[in-house]
Amino acid sequence: MPAVTVEDMSKLSKLEVDPLARAREPKKRVSAPSGLEGEGFPVRRAFAGIPTELLDPFVHMDQMGEVDYAPGEPKGTPWHPHRGFETVTYMIDGTFEHRDSTGGGGLITNGDTQWMTAGSGILHIERPPETLVASGGLFHGVQLWVNLPSKQKMVDPRYQDIRAGKLPLFSSPDGGALIRVIAGDFAGTSGPGMTHTPIAMVHATLEEGARLAIPWDSGFNSLVYALGGSGTVGSGPDAAPLQSGQLCVLGDGDFIEVHADRNIVGPRRSLEVLLLGGRPIKEPVAHYGPFVMNTREELAQAFDDFQHGRMGVIPAH
Ligand code: FE
C-alpha cells in the first residue's frame, strides 16, 4: 500500500476531461527487465527497450523494489557521480537517505520526493538509514532521470525536497482512483516539483474496476508504467493490457485513459500507475553510466573531470 492514501475520496476535487478531447492510444509496450542496483537492491529497468526519442525528455527510470526487507538486508548505492541531467527520487514506501559532495543531504520517506539537478556534476550516495538497515521493512520507490537541454547541462547542482503532504490530490469522476500530482499542472493546480524541462509526473491508485481519464498537455509525450496490479491503457478498441512492470508509450492526444481490471491478482487489489510526460528536448543524447551529455567528447570530458576530482570529492564524514 502506498503511504499516501485518502480516507474519504469524496472530499477530493475531481479531475475531468473535456468530452471532445482526444484519447492517447498505445504505441509501444515493453516489460521491464529486473536487475540489481548499487550494492544490490532490486530494481526494474522501466525504460529498457524503448527508443530514446520516444522517452525524450526522460532518459532512464528504475522501479526500486517493491521489497519487504528482513533485518540487515536493506541496501543502497556506493558514492558515484552524475552530470548533465536531473534525478527525481519518489519514495512510495520506506526511507532513503542521501548525502553529496557539496555537504548537502536529506531523508525522504513515505511519499516524499527528492529532486536533484546534477547539472555540472556532483558525487552522491543513496542508502537506507542505519535504523532501517537494522529493522528491515518495506522499500518501494522510483528514480526517474530527466534530461537537461545542452544550454543547462552545466548549471550548478540544486535540490528540492518535496514532502508527501505537499502533493495536490484529486480523484477520478467515479471516485475509484486517487491521483497524486508530483509535477505538472492539473485543473489550475501545479504540482510542487520543478524541472528545468517542463514535465508532468503523476502517481495514481485505481481500485478494481475504476476508470482514470486525465487531461494531458498535448505538447508532452506520455508514458504509463504499472508499478503493481493490472488493467488496460488507452480508450475503446485500441486499449492495451498493462501489467505490473510494464511500460506503455502513448501517441498524440489530449488525455490519458487507464482502467483497472475487475479482478486483480496479487498482493494488492489495486492498479498502481505512474504517468509521465514532458516537452521533448530534441537534441542528440550521449548516455554512458552516470553521465548524460550531447556528444561522445562531452562524455569523455565528464569521465576525465570525475577522475580528477572536478565533480567534487567524498566528504571525510
Ligand atoms: Fe545517483
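Preceding block: the structure.
Residues numbered from 1 in each chain as written. Predicted model: local features only at pLDDT ≥ 70, side-chain atom pairs only at ≥ 80, totals over all residues. Heavy atoms only, no water.

Give a detailed account of the sheet that holds strand β8 (residues 105-109), specifying residues and quantitative values.
Pairing is antiparallel in the open sheet, where four strands are placed in the order β5-β10-β7-β8. Looking at strand neighbours, the two that pair on one side only are β5 (80-82) and β8, the edges of this open sheet. Across the sheet, the mean angle from the axis of one strand to that of its neighbour is 30°, orientation sign disregarded. Bridge count for strand β7 (residues 95-100) against β8 is five bridges, and the pairing is antiparallel. In the strand pairing of β8, phenylalanine 96 is matched with isoleucine 108. (Pairing = 2+ DSSP bridges. Helix = DSSP H or I, 4+ residues; strand = E, 2+ residues; numbered from the N terminus. Axes fitted to C-alpha atoms, helices over the stretch in contact; angles between N-to-C directions.)

Kindly report on the packing of aromatic side chains, identifying the contributing residues and their values.
On inspection of all chains with the given rule, the structure shows eight aromatic pairs. With a centroid separation of 6.0 Å and an interplanar angle of 80°, the aromatic rings of phenylalanine 41 and phenylalanine 139 are classed as edge-to-face. Of this pair, phenylalanine 41 sits in strand β3 (residues 41-45) while phenylalanine 139 is found in strand β11 (residues 137-147), placing the two residues 98 residues apart along the sequence. Ring centres 5.8 Å apart and planes at 55° place the aromatic pair tyrosine 288 and phenylalanine 303 in the tilted group. Here tyrosine 288, found in strand β25 (residues 286-288), pairs with phenylalanine 303, found in helix α3 (residues 296-307); they are 15 residues apart in sequence, far enough to count as distant. You can call phenylalanine 303 partly exposed: its relative accessible area is 29%. (Phe/Tyr/Trp six-rings, centres within 6.5 Å; stacked < 30°, edge-to-face > 60°. Buried < 20%, exposed > 50% of the residue type's maximum accessible area, 1.4 Å probe, protein only.)

Can you break down the pairing of strand β10 (residues 122-127) residue by residue, with the values?
For β10, the tally of buried residues reaches five of six residues, placing the bulk of the element in the interior. Of the strand pairs in this sheet, β5 and β10 are connected by three bridges, and their pairing is antiparallel. In the strand pairing of β10, proline 81 is matched with leucine 123. Across four bridges, β7 lies against β10 in antiparallel orientation. Counterpart to arginine 99 in the pairing with β10 is isoleucine 125.

Any details on the side chain of glutamate 257? Residues and values, ideally.
With respect to the helices and strands, the residue glutamate 257 is situated in strand β23 (residues 255-260). Accessibility expressed as a relative area gives 6% for glutamate 257, which makes it buried. For glutamate 257, the side chain forms a polar contact with the side chain of histidine 259, separated by 2.7 Å. (Polar contact = N/O pair within 3.5 Å; in protein donor to acceptor, adjacent residues only side chain to side chain.)

Tell me about unusual backbone geometry, and please be specific about residues and values.
Cis geometry marks the peptide bond from aspartate 56 to proline 57; its omega dihedral reads 15°. Looking along the chain, the bond that leaves glycine 65 and enters glutamate 66 is cis, with omega of 10°. With a phi close to 50°, alanine 187 is a non-glycine residue in the positive phi region. Mapped onto the elements, alanine 187 comes out in the loop between β15 (185-186) and β16 (189-190). Relative accessible area serves as the criterion here: at 62%, alanine 187 is assigned to the exposed category.

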